[in-house]
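# Tertiary structure, described
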Amino acid sequence: MTNSVEDQYVNLLVRSIPAATIKRGEELFLKFLEQFPNPVAVKQMSRTQRAQVLEWGPEMRALIAGIELGQLVGKSHPEICGHAYSSVTLGQQMIDYFAGDEQESVVIACTDVHNDVIDYKTVFKGGHSECLLYPDQIFAYALRQSATGIAMVHNHPSGDVKPSDQDLRFAKRLERGSRILGIQLLDFLIVGQERYFSWRESQQSNGER
């Protein structure tokens, strides 16, 4: 952890404990810092540890509430419904959507005849390195939404957006299934921390259809 992050952590911690006296504030600050010396330790705080911190005094309620609020914000995802679909637009939106996620997940975005996103859903969550995918469940969800098109978005927490052989095989399976059902597979996206891979853009650059 860099000094900049350490300084920010210490400064925020000092400001987050509204003690009645300076001495009491310093006491609680040092006690918390000893048990949770960095942001990672706070992130890994267990329920038992949280309960113990609250027992230190009423001053800790604001700090714990702030931590819980930050965790909620971190888990929340931005709205993408209603935006006109394009690989560039959706790719950038999904980079923000998956920001901070440590597990591989799959999101299906359903579109209408105008290629506007009408609904989206996280259909699978996997481990750190793999995610089990089932086309029948993806198509069942799309049909329930009366979708005319779908885009599948798969995140790589490592940041490497290069598709694996498994990714490419699955994209082709989705395309075959889409043709049978009359649903257009608009794209198969892989997003990382700052970049995305578009299967359609890759096909176009390679002269494929």
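The chain is annotated in an unreviewed UniProt entry as DNA repair protein RadC from Limosilactobacillus antri DSM 16041. Its UniProt record gives the chain a comment under Sequence similarities (unreviewed entry), which states: "Belongs to the UPF0758 family."

## Brief notes about the sheet that holds strand S5 (residues 196–198)
With mixed pairing, five strands are arranged side by side in an open sheet as S2-S1-S3-S4-S5. Where the open sheet ends on each side, the last strands, each with one partner, are strand S2 (117–125) and S5. On average, adjacent strands in this sheet sit at an angle of 20 degrees to one another, irrespective of strand direction. Bridge count between strand S3 (residues 149–155) and strand S4 (residues 184–191): seven bridges; the pairing is parallel. For Ala151, the partnering residue across the bridge sits in S4 and is Asp187.

## Topic: the environment of Ala171
Looking at the element boundaries, Ala171 is found in helix H8 (residues 165–181). Judged by its relative accessible area of 0%, Ala171 falls in the buried class. Distance in space between the C-alpha atoms of Ala171 and Pro135 is 9.8 Å, their sequence separation being 36 residues. Every residue in contact with Ala171, bar those within four places of it in the chain, is listed here: Leu185, Phe188 and Trp199.

Calculation criteria
Residues numbered from 1 in each chain as written. Predicted model: local features only at pLDDT ≥ 70, side-chain atom pairs only at ≥ 80, totals over all residues. Heavy atoms only, no water. UniProt positions renumbered as here; feature names shortened; annotations may be inferred. Pairing = 2+ DSSP bridges. Helix = DSSP H or I, 4+ residues; strand = E, 2+ residues; numbered from the N terminus. Axes fitted to C-alpha atoms, helices over the stretch in contact; angles between N-to-C directions. Buried < 20%, exposed > 50% of the residue type's maximum accessible area, 1.4 Å probe, protein only. Contact = heavy atoms within 4.5 Å.

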